[in-house]
Amino acid sequence: MSMIQEANCIRRFKRVCGDGWDQGWHERNGGNLTYRMTEEDVKVCMPYFTIKGHEWVDMGVKAPELAGAFFVTTGSGKYMRKVALDTSDCIGIVEINETGDAWRIVWGLTNGGRPTSEFPTHFMNHSVRMKATDGANRVIYHAHTPNIITLSTLIEPDARRYSRILWKSMTECIIIFPEGVGVVPWMVPGGAEIAQATSELMQTYEAVVWTQHGLFCSGSDFDETFGLMHTIEKSAGLYLSARAAQGGSEPAYLIADDELRQVCTAFGVSPNDAFLD
Ligand code: 13P
Ligand code: ZN
């Protein structure tokens, strides 16, 4: 195994891929993960980089503030289950060009691999979240979370509706995502259009639902991002179980708006008021 695989950023990246697989979020090649590397990460990994034979590839989207950045990314068509087993085939590191609209592979994705087909969405989300958090956010994670997908077959694609359901099904949700979640209506995956729609919502939300597809989450580190995904998915599952137990109708005892406000006061968080009655 190459020593680059011992770098913290690669070890942590692999861990999320395995944890997501264990949760049942990544059938076949479903889902993808990207990480914006720190200067220290780049310094550690640089000795293993090679650009020979790797051309710049246009992304169809542009973010000049990410010019020269390096990202760890899962490969398109690669299985999260296999990231730990065959790391350099399944993931890679890409460099962004000086105009912020093209990538080239500098490590990994051996055997002709390419970054995830959702790289344009990840890239635009990185740009938006980096600006929204003064550079703190570095991780974007997409998973085919089954409960969120099921929920999106039952309710309209409306951010207020989703956020209220998720907050009201488990007490501490409103502390984890006080701004709520954004929702993109059904769209074709993998292109500039869905990238644009998602990144507009990421200006406000750390997590965005893709109707009948899954969830996108952002965060400062791998644990925080995975934890956000896990929390949202779990709350959606609790709501669905309660609704099924109730014969398909709205559960009778969801957390009240006033109780949500009490939680926010106790934990010092400011909720998205537009989503509370
Ligand atoms: P990739 O294999 O290209 O990452 O696509 C998986 C996916 O989930 C697309 O939304
Ligand atoms: Zn997907």
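I will try to describe carefully the structure that is included in this document. Just so you know, these numbers come straight off a predicted model, no measurement behind them.

Taken together, the protein ligands of the zinc ion (ligand 2) are His 142 (NE2), His 144 (NE2) and His 213 (NE2), with distances of 2.1 Å. Spacing between the donor residues of the zinc ion (ligand 2) along the chain follows H-x1-H-x68-H. Here His 144 falls in the buried class, since its relative accessible area comes to 17%.

This brings us to unusual backbone geometry. Backbone geometry places Arg 28, a non-glycine residue, at a positive phi of 45°. Mapped onto the elements of the fold, Arg 28 is located in the loop between helix H1 (8–23) and strand S1 (32–36). Look at Arg 28 and you get exposed, because its relative accessible area is 55%. A positive phi angle is found at Leu 109, which is not glycine, with a value near 45°. Secondary-structure assignment places Leu 109 in the loop between strand S5 (102–108) and helix H4 (119–132). Note on Leu 109: relative accessible area 4%, which makes it buried.

Relative to each other, H1 and helix H9 (residues 222–245) sit at 15°, their axes nearing to 10 Å. When the axes of H1 and H9 are compared, the pair comes out roughly parallel. In this structure, H1 crosses over H9, and the sense of that crossing is right-handed. Contacts from Cys 9, Arg 12, Phe 13, Val 16, Asp 19, Gly 20 and Gln 23 in H1 reach Phe 222, Phe 226 and His 230 in H9. Class assignment of the residues belonging to the contact of H1 with H9 gives a composition of five nonpolar, three polar and two charged.

This paragraph deals with the site of ligand 1. All residues in the neighbourhood of ligand 1 are listed as Asn 29, Gly 30, Gly 31, Asn 32, Ser 76, Gly 77, Thr 116, Ser 117, Glu 118, His 142, His 144 and His 213. Contact distances for ligand 1 include 2.8 Å between an oxygen atom and a side-chain N or O atom of Asn 29. Here Gly 31 contributes a backbone N or O atom positioned 2.9 Å from an oxygen atom of ligand 1. Here ligand 1 has 310 Å² of accessible area as a free molecule, and 92% of this is covered by the chains. Partitioning the shell around ligand 1 into residue classes produces no nonpolar, eleven polar and one charged.

Under the definition given, this model contains twelve salt bridges. The partner of Glu 40 in a salt bridge is Lys 43, and the shortest N-O contact between them spans 3.8 Å. With a gap of three residues between them, Glu 40 and Lys 43 both fall in helix H2 (residues 39–45), about one helical turn apart. Arg 160 is the salt-bridge partner of Asp 277, the closest N and O atoms lying 2.8 Å from each other. With Asp 277 in the segment after helix H10 (257–267) and Arg 160 in helix H6 (residues 159–169), this residue pair connects regions lying 117 residues apart in the sequence.

What follows is about H4. Across its 14 residues, H4 extends 20 Å between first and last C-alpha, which sits within 8% of the 20 Å expected from 1.5 Å per residue. Counting buried positions over the 14 residues of H4 gives twelve, a clear majority of the element. Residues of H4 that are buried: Phe 119, Pro 120, Thr 121, His 122, Phe 123, Met 124, Asn 125, His 126, Ser 127, Val 128, Arg 129 and Met 130. Two residues or fewer after H4 comes Asp 134, characterised by a positive phi angle close to 55°.

Thresholds applied
Residues numbered from 1 in each chain as written. Chains lettered and ligands numbered in written order. Predicted model: local features only at pLDDT ≥ 70, side-chain atom pairs only at ≥ 80, totals over all residues. Heavy atoms only, no water. Donors = N, O, S within 2.8 Å, 3.2 Å for Na, K, Ca; no water. Buried < 20%, exposed > 50% of the residue type's maximum accessible area, 1.4 Å probe, protein only. Helix = DSSP H or I, 4+ residues; strand = E, 2+ residues; numbered from the N terminus. Axes fitted to C-alpha atoms, helices over the stretch in contact; angles between N-to-C directions. Parallel < 35°, antiparallel > 145°, perpendicular 65-115°, else oblique. Left-handed = near helix turned anticlockwise from the far one by under 90°. Contact = heavy atoms within 4.5 Å. Nonpolar A, V, L, I, M, F, W, Y, C, P; charged D, E, K, R; others polar. Near = heavy atom within 4 Å. Polar contact = N/O pair within 3.5 Å; in protein donor to acceptor, adjacent residues only side chain to side chain. Areas by Shrake-Rupley, 256 points an atom, 1.4 Å probe, with all protein chains shown as cover. Salt bridge = Lys/Arg side-chain N within 4 Å of Asp/Glu carboxyl O. Expected span 1.5 Å × (residues − 1).

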